[in-house]
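Chain by chain, the residues:
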Amino acid sequence: MKRQAKVENKIYSVEFQKRNGKVEVIIDNRCYLVDSSTINNGSFSLLIDGASRVIFVKDRGDHFSVALGGKNIDVRFYDPRALRSVDEMQSSLKQSRQIILAPMAGRIVRLQVRLGDMVSDGAGLVVLEAMKMENELKSQAVGCIKEIFVSENEVVIPGQQLMVIE
Amino acid sequence: MKRQAKVENKIYSVEFQKRNGKVEVIIDNRCYLVDSSTINNGSFSLLIDGASRVIFVKDRGDHFSVALGGKNIDVRFYDPRALRSVDEMQSSLKQSRQIILAPMAGRIVRLQVRLGDMVSDGAGLVVLEAMKMENELKSQAVGCIKEIFVSENEVVIPGQQLMVIE
Amino acid sequence: MFKKILIANRGEIAIRVMRTCREMGIATAAVFSEADRKSLHVCFADEAFCIGPAPAIESYLNSDAIITAARQSGAQAIHPGYGFLSESSEFAQKCHDAGLVFIGPSACVIEQMGNKTLARKAMLAHGVPVIPGSVEALDDFEQVLEESRDIAYPLMIKAASGGGGKGMRIVNCREELHEAFLAVRREAYGAFADSRVFIEKYFPHSRHIEVQVLADSIGNVVHLFERECSIQRRYQKVIEECPSPVVDNQLRQQLTAAAIRAAQAVQYTGAGTVEFLVDENKRFYFLEMNTRIQVEHSVTEFVTGVDLVKEQIRVAAGMSLGTEQAAIVMNGWSIECRLYAEDPLNKYMPDPGVIEKLNFPEGPGVRVDSGVYEGWEVSLYYDPMIAKISTWGRNREEARLRMIRVLDECVVCGVKTNLLLLQHTLQDRRFVAGDLDTHFLQEVSRSSSEDQFEHDMAIIGAVCAMIASGKKGKNRMSHDQGLWRMASKYQFWSNRF
Amino acid sequence: MFKKILIANRGEIAIRVMRTCREMGIATAAVFSEADRKSLHVCFADEAFCIGPAPAIESYLNSDAIITAARQSGAQAIHPGYGFLSESSEFAQKCHDAGLVFIGPSACVIEQMGNKTLARKAMLAHGVPVIPGSVEALDDFEQVLEESRDIAYPLMIKAASGGGGKGMRIVNCREELHEAFLAVRREAYGAFADSRVFIEKYFPHSRHIEVQVLADSIGNVVHLFERECSIQRRYQKVIEECPSPVVDNQLRQQLTAAAIRAAQAVQYTGAGTVEFLVDENKRFYFLEMNTRIQVEHSVTEFVTGVDLVKEQIRVAAGMSLGTEQAAIVMNGWSIECRLYAEDPLNKYMPDPGVIEKLNFPEGPGVRVDSGVYEGWEVSLYYDPMIAKISTWGRNREEARLRMIRVLDECVVCGVKTNLLLLQHTLQDRRFVAGDLDTHFLQEVSRSSSEDQFEHDMAIIGAVCAMIASGKKGKNRMSHDQGLWRMASKYQFWSNRF
């Protein structure tokens, strides 16, 4: 039984079965023998064909956060029947709608765009003051400012929606 | 409402009530203002009239194990109604029956006593080999060997009863 | 000697000071804001007192509350750490008036060095070279415009009462001057309650090199060599070294002599740092003197073996320095990396949150200074530094390779960190060559072994799939329910995980 | 240089070796027994291979399984650590025959030094003083009795292939001789598969002082000063120092010269330790040479800055020593404490179990070497050492006070440890004076501040009561049910805890 795992921005086909106390994992037609063992509090020791890795896995409900050697990686699963092909899934990942969220608590110092403005990739949108530093939030894509939910001097909390670009 | 707490070998009368977000604790008629806060995974930060202590508390079912600054302390509670006085309780703590338990897994190298032997406090009872070292278990009191549950060369597990002295 | 010292700070530096107090047999009192009740410095101290709400202005900058706590604790002295009130002459004076010893130079020396105008004048008078720029603090834009005429662009606008990299802007041309002035004013007022600014010549390819000094009240002044602090982001140091790879014996002799003259110029006492800008031609200019312990003091301690906090306390207690110049020898090399809860891919924006997993390196030649623990929440109110990781080696290359090793041992989960950036930097060709300047991080090339990573990514996906399969009956992903049921035959995983 | 090294050991020393490998850019392969799947050295390595069941004789002493793992991993060399096969000449030879480099001296040198008889002969031939005792290894009691006639009691019976303090007994009089002989034989056979023994004069008030040497294959031999290892329990070292408080320059010169002669006597290569017994009159006698890295090597590294494992690897790869005698300087003082999961109040009996809480010290002048983590179970199969904690100071007193501070920072819950004993020892009047001998721990006086403790005990009781009260509805103590119900109004505690 195959599953589709999206690890960061790439999709892998994943299959596994028990074999002599270890697990045989087949990923995109390559086969690995994995010996996995809990360490403590969300950490796992993996021996993958002998190679040793320690990962920390946090179940975030709709995805897993995995830490490995200073890298933080998101893992999501998709039902293979819901998508006709991996290619189709890859393309569906590109979002046409961009929602700008406050990355941290702070105060809106300045709005740099107005409703209806066209912005380019990397354009400054809003200046947020937090921890005594001014931080500029930028657009990740080309688009038009569809909605603005905040005003200058307003205090925002992490994850709060600031504006929508389409 | 008072409770009796046995901390190591001493018994304290303990009473407490909430006061301004902290807790007022009365111990043997002395009063302390305690501010307690969870740290992580069983650890607590205490501010006792300003003095800062970190303790690690493990609930072992019938008692608590508490670690403080390299010391490990056992705490037990008694129902005050079940005992007529603290003095009586103190005396009830002395056991007349001594059960010798294996402190760790190992192999019985030698039994140094036989059924019916009288032993003095500190007398050697049994030699246990563990981690390549021979360890002698000693009697903690004067008494007579009432029962022996193991034989030489037998492998024992931690907590296994080895003998009874009365 | 003091019986008890109150530490008017938080985080790693509060703990750093308490460690030395403990080694000297001195009791410690901590202060904490309401946001810091669970913080490590509170747990670490012998006593701890709440001094107000989370915002620093109401707690760690609240000098009256701190002095009240000191009185309550019975402490005889106050160690201010770095940041917060450490360079407030007013606080030093208040301590003195309350009969408490402020562990640092006198209010008057702090005042003189904290005021860039007075400091520049004193340096010029004692033959210490300074950067071309405005002599007086400037309050309005007309003054700034006037002063800028004599300096070739690029120039820099800095908060007059600034420090720690806050309230600074580079101005590349006349057109940018006004907006930069306004931004610095805002930040300066927010951070230091003083909106005045100061302009000076900006050197695009310069190094930041500083000299550690110690002085006692009977006139002994020694230096503890230089630190290289060129690797910065947002004007804050990230990686420091002792000694500097660019400083040869001749330059070292000049820099340390200038630093001692600077300290003598103001009859300095305690530990202090004289910061210099060194340009491409190895010409150096006095930047400022930090009248406190520095974040990066640990590299100097590693190389000289001198406990700088111990010397601060000794001097404050009226004792003479515990060491003389001849006994202070450079032994090997030390590098420090500052590990921050921040996102280097998003302008180093702080990333507060709970530290879900934490592991610090151990073994030979490493020192960790930290104020956090697993399960603790990095707060949005204060500096997001997680730890200072320092290594020592017999030479720079040994210290560098050791740093790569120890960064590999670091684990921080739950918040974004600059760990990968530090790892890349330590392996960067220019860093290896010691070819550093203050723009280094903007240019650092990212080395990576993608093949290895690719392989790991696939395995990670598989392991998560196995964990998910082990949790039968949990319909966390409703569109995937059929799979969950089928996967339940892999239930053995739930026993292993 | 090697591309990959297999470490034929476990615990802290395996990790210690891997750290240096990583700093040298060498990949690491671990081996593990079935009981060690979750152990830190497995997680720490780049690769790991299972070599058999829990008992050491079937895994870490199974040379064929280890060599098979080395072949499988593609390692070019094997580092044996200490203990296990580190002093097995047979294993060294097997490695050689399999085309693998054994990181240590040649099989023939190990054989010569491991055999006490050959070692004594070689020392006598090179003018190194030895302890009066039997020249040949003894196999039966008649021989022991015969040899004991020329030595005044007390004397000591030791395993001929022994080391690490295992298989030793003091014999105070003729009557105790037979039983001691039998016990040592048993332990010797169990630990080293060689039941032969060796007897020698026993010095009741002696110090154990050892000299670290390094030698390469082109004849360079250097010493790295001495270590004081007199504080022992059950003939195993617990606290070590570099240098020794009793060794003056003259004695140091004599000891180090004798150690270099000892190494030269057998054309030694790699890192080795020449152990001496020093009596009350500062006369010294060769005890043995350990042909491997020692547990306590970290204090030498702290004081000299030399990475001993790096030198071992360099020499094994055919390189010359990375340092010459003149460049090896004593800088300050270092003390090491071994933290064990054992019960000092019960004959230091090991106390296996899960480490429920673990915190190691940080900050200036401390080094931690450990192979455990929170949640890991100390196994009954192997040495119960939790960590080596080392401190450095500019002088002995600074290192000692720092050790007291860092031991205070250590937290280990879930198993009994010798932490309190270490704390008492560091504060003992005799330790402060440097007045040590091998019986120190039997005589250490327990200092304690009972008043403070009494107060804390009461509070601890109260806090547990509050926690218990917070858990309403749980009838964990049935005789106390009435109280639990009444206590439920203190339910607010359940939110806080």
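Cut-offs used in this document
- Position numbers for residues start from 1 in each chain and track the written sequence from start to end.
- Written order determines the labels here, with chains lettered from A and ligands numbered from 1.
- Two thresholds apply to this predicted model, a pLDDT of at least 70 for residue-level local features and 80 or more for giving and counting side-chain atom pairs, whereas whole-chain, interface and lining totals are computed over all residues.
- No hydrogens and no water enter the side-chain calculation; it runs on all heavy atoms of the structure.
- Elements are defined by DSSP. Helices are runs of H or I of four residues or more, strands are runs of E of two residues or more, and each kind is numbered from the N terminus.
- Just to be clear, the radius of gyration here is over C-alpha atoms, and the globule rule we use is 2.2 Å times residues to the power 0.38.
- It only takes one pair of heavy atoms within 4.5 Å for two residues to be counted as in contact.
- Where accessible areas are quoted, they stem from the Shrake-Rupley method and a 1.4 Å probe; at the residue level, only the protein chains shown are allowed to cover.
- Here Asp and Glu are counted as negative and Lys and Arg as positive; His is not counted, and neither are the chain ends.
- Charged groups are reduced to one reference atom each: NZ for lysine, CZ for arginine, CG for aspartic acid, CD for glutamic acid.
- Three exposure classes are used, based on accessible area relative to the maximum for each residue type with a 1.4 Å probe and protein chains only: buried under 20%, partly exposed in between, and exposed over 50%.
- At least two bridges found by DSSP between two strands are what make those strands a pair.
- Interaxial angles span 0 to 180 degrees and are taken between N-to-C directions of axes, which are lines fitted to C-alpha atoms, for helices over the stretch in contact.
- Each angle is binned into one of four classes, with values under 35 degrees roughly parallel, values over 145 roughly antiparallel, values of 65 to 115 roughly perpendicular, and all other values oblique.
- By definition, turning the near helix anticlockwise from the far helix through less than a right angle yields a left-handed crossing, and turning it clockwise yields a right-handed one.
- Any residue that is not Ala, Val, Leu, Ile, Met, Phe, Trp, Tyr, Cys, Pro, Asp, Glu, Lys or Arg is counted as polar, Gly included; the first ten are nonpolar and the last four charged.
- Salt bridges are defined by distance alone: a side-chain nitrogen of Lys or Arg within 4 Å of a carboxyl oxygen of Asp or Glu.
- For the purposes of this description, domain bounds are those given by an automatic or database domain assignment.
- Predictor confidence is given residue by residue as pLDDT, running from a minimum of 0 to a maximum of 100.
- Aromatic contacts are taken between Phe, Tyr and Trp rings whose centres are within 6.5 Å, Trp giving its six-membered ring; a plane angle under 30 degrees counts as stacked, one over 60 as edge-to-face, and the others as tilted.
- Here, over-ring charges are defined by two tests on the NZ atom of lysine or the CZ atom of arginine: distance to the ring centre within 6 Å, and angle to the ring normal within 35 degrees.
- Under this definition, polar contacts are N or O atom pairs within 3.5 Å; protein pairs additionally need one hydrogen-donor-capable and one acceptor-capable atom, and for neighbouring residues in sequence, both atoms have to be side-chain atoms.
- Cysteine sulfur atoms are paired as a disulfide whenever they come within 2.5 Å of each other.

1. Digging into the overall build of chain C
Then comes step 1: Helix and strand counts for chain C come out as 18 helices and 22 strands.
Then comes step 2: Over its C-alpha trace chain C gives a radius of gyration of 24 Å, about what one expects of a compact globule, namely 23 Å for 497 residues.
Then comes step 3: With respect to the three principal axes, the spread of C-alpha positions in chain C is 80 × 55 × 50 Å.
Then comes step 4: Across chain C, contacts joining residues at least 24 apart in sequence account for 64% of those joining residues at least 6 apart.
Then comes step 5: Of the roughly 17500 Å² that chain C leaves accessible, carbon and sulfur atoms contribute 49%.
Then comes step 6: Charged side chains of chain C number 55 positive and 64 negative; the gap between the two group centres comes to 5 Å.

2. Regarding the overall build of chain A
Then comes step 1: A count of helical and extended segments in chain A gives one helix and 16 strands.
Then comes step 2: Out of the 166 residues belonging to chain A, those deemed buried represent 46%.
Then comes step 3: By sequence separation, contacts in chain A at least 24 residues apart represent 41% of the contacts at least 6 residues apart.
Then comes step 4: Summing over all exposed atoms, chain A offers an accessible surface of approximately 8100 Å²; the carbon and sulfur share of this is 46%.

3. Focus: the sheet that holds strand 13 (residues 284-290) of chain C
All names here are of chain C.
Then comes step 1: Spatial strand order, 13-12-9-10-11-14-21-19: eight strands in an open sheet with antiparallel pairing. Only two strands of the sheet have a single neighbouring strand rather than two, namely strand 13 and strand 19 (366-370). Between one strand axis and the next, the sheet turns by 25° as a mean value, whatever way the strands run.
Then comes step 2: Bridge analysis of strand 10 (residues 221-233) against strand 11 (residues 236-242) gives four bridges, and the strand direction is antiparallel. Its bridge partner lying in strand 11, Q232 is registered against K237.
Then comes step 3: Relative to the sheet, helix 10 (residues 297-304) contacts strand 9 (207-215), strand 10, strand 11, strand 14 (333-340), strand 19 and strand 21 (385-393), its axis offset from that of strand 14 by approximately 155°.
Then comes step 4: Seen against the sheet, helix 13 (residues 419-427) touches strand 10, strand 11 and strand 14 and runs at an angle of roughly 150° to strand 14.

4. Overview of the packing of helix 1 (residues 11-23) of chain D against helix 11 (residues 308-316) of chain D
All names here are of chain D.
Then comes step 1: Look at helix 1 against helix 11: their axes get within 9 Å of each other, and the N-to-C directions meet at 70°. By the angle between their axes, helix 1 is roughly perpendicular relative to helix 11. Relative to helix 11, helix 1 is oriented so that their crossing is right-handed. In this structure, helix 1 contributes R16, V17, T20 and C21 to the contact, and helix 11 contributes L308, V309, K310 and I313.
Then comes step 2: Partitioning the contact of helix 1 with helix 11 into residue classes produces five nonpolar, one polar and two charged.

5. Comments concerning unusual backbone geometry
Then comes step 1: Here the residue pair C:Y153 and C:P154 is connected by a cis peptide bond, since its omega of 0° sits within 30 degrees of zero.
Then comes step 2: Its location among the elements puts C:P154 in the loop between helix 7 (141-148) and strand 6 (155-163).
Then comes step 3: A positive phi angle is found at A:D28, which is not glycine, with a value near 45°.
Then comes step 4: Of the residues examined, A:D28 reaches a relative accessible area of 37% and is grouped as partly exposed.

6. What about the pattern of salt bridges?
Residue and element names in this part refer to chain D.
Then comes step 1: The tally for this structure, following the rule as stated, stands at 82 salt bridges over all chains.
Then comes step 2: Note that D36 is salt-bridged to R10, the shortest N-O span being 2.6 Å. Within this pair, whereas D36 is found in the loop between strand 2 (27-33) and helix 2 (40-44), its partner R10 is found in the loop between strand 1 (4-7) and helix 1, the two being separated by 26 residues in sequence. Neither D36 nor R10 differs from the other in exposure class; each is buried.
Then comes step 3: E301 is the salt-bridge partner of R367, the closest N and O atoms lying 2.6 Å from each other. Remark: E301 occurs in helix 10 (residues 297-304) and R367 occurs in strand 19 (residues 366-370); sequence separation between them is 66 residues. Across the pair, E301 and R367 agree in class, each one buried.

7. Points about the domain arrangement of chain A
Then comes step 1: According to the domain assignment, chain A consists of domain 1 (2-81) and domain 2 (92-165).
Then comes step 2: Taking the mean C-alpha position of each, domain 1 of chain A and domain 2 of chain A sit 34 Å from one another.

8. Here's the deal with the sheet that holds strand 11 (residues 118-119) of chain B
All names here are of chain B.
Then comes step 1: The antiparallel open sheet is built from four strands, whose spatial order is 9-16-14-11. Every other strand in the sheet has two partners, leaving strand 9 (98-101) and strand 11 as the edge strands with one partner each.
Then comes step 2: Of the strand pairs in this sheet, strand 14 (residues 143-148) and strand 16 (residues 161-165) are connected by three bridges, and their pairing is antiparallel. By the bridge assignment, I145 is partnered in strand 16 with I165.

9. A closer look at the pairing of strand 1 (residues 3-7) of chain A
Residues and elements named next belong to chain A.
Then comes step 1: Across the five residues of strand 1, five count as buried, placing the element largely inside the fold.
Then comes step 2: The side-chain alternation of strand 1 yields two buried faces, one formed by R3, A5 and V7 and the other by Q4 and K6.
Then comes step 3: With five bridges connecting them, strand 1 and strand 2 (residues 10-19) associate as antiparallel partners. Across the sheet, the residue bridging to Q4 is S13, located in strand 2.
Then comes step 4: Turn length for the strand 1-strand 2 hairpin, with the two strands adjacent in sequence and antiparallel, is two residues, and the turn residue E8 shows positive phi of about 55°.
Then comes step 5: Bridge count between strand 1 and strand 8 (residues 71-78): four bridges; the pairing is antiparallel. Following the sheet pairing, K6 is matched in strand 8 by R76.

10. Observations concerning the environment of C:Y235
Residue and element names in this part refer to chain C.
Then comes step 1: Tracing the sequence through the fold places Y235 in the loop between strand 10 and strand 11.
Then comes step 2: By relative accessible area, which is 31% here, Y235 ends up partly exposed.
Then comes step 3: Each C-alpha atom, one on Y235 and one on G167, is 9.3 Å from the other, the two residues being 68 residues apart in sequence.

11. Things to note about the confidence of the model for chain C
All names here are of chain C.
Then comes step 1: With 91% of its residues at a pLDDT of 70 or more, chain C has an overall mean of 88.
Then comes step 2: Every residue in residues 472-497 is under pLDDT 50, and counting partners more than four places away or in other chains gives 52 contacts.
Then comes step 3: Interface confidence for the predicted complex, given as ipTM, is 0.79, next to a pTM of 0.83.

12. Observations regarding the environment of C:V197
Residues and elements named next belong to chain C.
Then comes step 1: Summarising the element assignment, V197 is placed in strand 8 (residues 197-201).
Then comes step 2: Taking the C-alpha atoms as reference points, V197 and E288, 91 residues apart in sequence, are found 15 Å from one another.
Then comes step 3: Those residues in contact with V197 that lie beyond four places of it in its chain are E136, A137, L138, V144, I157, K158, A159, A160, F181, V184 and R185.

13. Things to note about the packing of aromatic side chains
All names here are of chain C.
Then comes step 1: Scanning all chains against the criterion turns up 18 aromatic pairs over all chains.
Then comes step 2: Consider the rings of F276 and F284, whose centres lie 5.3 Å apart with planes at 85°: the pair is edge-to-face.
Then comes step 3: Pairwise contacts between aromatic rings join Y60, F84, Y381 and Y382 into one cluster.
Then comes step 4: Between the NZ or CZ atom of R233 and the centre of the ring of Y340, over which it lies, the distance is 4.4 Å.

14. So, helix 3 (residues 63-73) of chain C
Residues and elements named next belong to chain C.
Then comes step 1: Here helix 3 has its buried residues at S63, A65, I66, I67, A69, A70 and S73.
Then comes step 2: Those residues of helix 3 hidden inside the fold are in contact with strand 1 (4-7), strand 2 (27-33), strand 3 (47-52), strand 4 (77-79) and helix 4 (89-97).
Then comes step 3: The first or second residue beyond helix 3 is G74, which carries a positive phi of 80°.

15. Some words on helix 10 of chain C
For an α-helix, 3.6 residues make a turn, and residues three or four places apart therefore share a direction.
Then comes step 1: Judged by how many residues are buried, helix 10 of chain C sits mostly within the fold: eight of eight residues are covered.
Then comes step 2: Directly beyond the C-terminal end of helix 10 of chain C, a positive phi value near 80° is found at C:G305.

16. So, the packing of helix 5 (residues 107-114) of chain D against helix 6 (residues 116-125) of chain D
Residues and elements named next belong to chain D.
Then comes step 1: Following both chains from N to C, one finds helix 5 and helix 6 inclined at 90°, their axes separated by 5 Å at the closest point. With respect to their mutual orientation, helix 5 and helix 6 come out roughly perpendicular. Two secondary-structure elements touch here, helix 5 through E111, Q112, M113 and G114 and helix 6 through K116, L118, A119, A122 and M123.
Then comes step 2: Split into classes, the residues belonging to the contact of helix 5 with helix 6 amount to five nonpolar, two polar and two charged.

17. Quick look at the side chain of C:T300
Then comes step 1: One can find C:T300 in helix 10.
Then comes step 2: Ignoring any residue separated from it by four or fewer positions in sequence, one finds C:T300 in contact with C:Q212, C:L224, C:R227, C:C242, C:G305 and C:L308.

18. A look at the side chain of C:R402
Then comes step 1: Within the secondary structure, C:R402 sits in helix 12 (residues 396-409).
Then comes step 2: Side-chain polar atoms of C:R402 contact the backbone oxygen of C:W392, separated by 2.8 Å.
Then comes step 3: The contacts of C:R402, once residues within four sequence positions are left out, are C:P364, C:G365, C:T391, C:W392, C:G393, D:E23 and D:D307.

19. Quick word on the state of the cysteines
Then comes step 1: If you walk through the whole model with that rule in mind, you get zero disulfides over all chains.
Then comes step 2: You can see B:C31 has no disulfide; the closest cysteine sulfur is in D:C464, sitting 19 Å from it.
Then comes step 3: With relative accessibility at 45%, the residue B:C31 sits in the partly exposed group.
Then comes step 4: Here C:C21 stays unpaired: no disulfide links it, and the sulfur of C:C95, its closest cysteine neighbor, is 15 Å away.

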